[in-house]
Amino acid sequence: MKTIDDLLREHPFFEDVDSATVALLAGCATLVHFHPGEALFREGEPADAFFILRSGRVSVQVHNPAGGPIVVDTVEYDEVVGWSWLVPPHRWTSDAVAVAPTDAIRFDAGCLRAKCADDPAVGYTLVRKITQVMAHRLASAHHRLLDLYGGGRP
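Here the structure is a predicted model, which means the values were calculated and not measured.

Scoring rules and cut-offs
Residues numbered from 1 in each chain as written. Predicted model: local features only at pLDDT ≥ 70, side-chain atom pairs only at ≥ 80, totals over all residues. Heavy atoms only, no water. Helix = DSSP H or I, 4+ residues; strand = E, 2+ residues; numbered from the N terminus. Rg over C-alpha atoms; globule rule 2.2 N^0.38 Å. Buried < 20%, exposed > 50% of the residue type's maximum accessible area, 1.4 Å probe, protein only. Areas by Shrake-Rupley, 256 points an atom, 1.4 Å probe, with all protein chains shown as cover. Lys, Arg positive; Asp, Glu negative; His and termini not counted. Charge placed at Lys NZ, Arg CZ, Asp CG, Glu CD. Core = buried A, V, L, I, M, F, W, Y, C linked by side-chain atoms within 4.5 Å. Contact = heavy atoms within 4.5 Å. Pairing = 2+ DSSP bridges. Axes fitted to C-alpha atoms, helices over the stretch in contact; angles between N-to-C directions.

(A) Quick look at the overall build of the protein chain. Summing up its helical and strand segments, the protein chain has four helices and eight strands in all. When the helices and strands of the protein chain are read in sequence order from the N terminus, they spell out α-α-β-β-β-β-β-β-β-β-α-α. Taken over the C-alpha trace, the protein chain has a radius of gyration of 16 Å; the compact-globule value for 154 residues is 15 Å, and the two agree within 12%. Taken along its principal axes, the extent of the C-alpha atoms in the protein chain is 55 × 35 × 30 Å. Per-residue burial over the protein chain gives 36% buried out of 154 residues. Total accessible area computed for the protein chain in this model is approximately 8,600 Å², and 58% of it derives from carbon and sulfur atoms. For the protein chain, the distance from the average site of its 14 positive side-chain charges to the average site of its 20 negative ones is 3 Å.

Structural data, given as structure tokens:
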């Protein structure tokens, strides 16, 4: 049976992270499971974690005042969800809901922030990796908006 440390070392998110840092961050991680319809997190609640999906699918949603939730992204196997833990005031800006049985590695935000404060090199590594995820998600949102509203000029 593989340890969390083993699982992290094999994951693309950590592919260029040194072994000592991976081992340190593994101390903040636990394995979790979500059933379809179960929330990983809810908008407005304290952002106390981030997740690496090992299987399943998660819908990232925002609330529409005129109706139900709007799906803004879908996160699947080997992807990362949740970066609000890194940005004050550490509150979720969306919901993340499992749409299929989902296994994930959950990182405790308080533990991560403490490790970042103790070792700025670890902090830089995490910020660099999370920023790459954010850039990917923003580019994806940009493309969705162009699809929705059209890419042409008036």
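(B) Focus on the nonpolar core. By size, the foremost hydrophobic cluster in this structure holds 39 residues, and its most contacted members are Leu8, Phe13, Phe14, Leu40, Phe50, Ile52 and Phe107. Here the element with the most residues in this core is strand β3 (residues 49–55); it accounts for five residues. In contact with Ile52, not counting residues within four places along its chain, are Leu8, His11, Phe13, Phe14, Glu79, Val80, Asp103, Ala104, Ile105 and Phe107.

(C) Local environment of the environment of Val71. By the secondary structure assignment, Val71 is in strand β5 (residues 69–76). Judged by its relative accessible area of 47%, Val71 is partly exposed. Taking C-alpha positions, Val71 is 6.3 Å from Ser59, a pair spaced twelve residues apart along the chain. Not counting residues up to four positions away in its chain, the partners in contact with Val71 are Ser59, Val60 and Gln61.

(D) Main features of the sheet that holds strand β6 (residues 80–81). Sheet architecture is open: four strands sit in the order β1-β8-β3-β6, paired in antiparallel fashion. Looking at strand neighbours, the two that pair on one side only are β1 (29–34) and β6, the edges of this open sheet. Two elements, β3 and β6, share two bridges in a ladder whose sense is antiparallel. What sits directly across from Ile52, in β6, is Val80. Seen against the sheet, helix α3 (residues 109–118) touches β3 and β8 (102–108) and runs at an angle of roughly 45° to β8.

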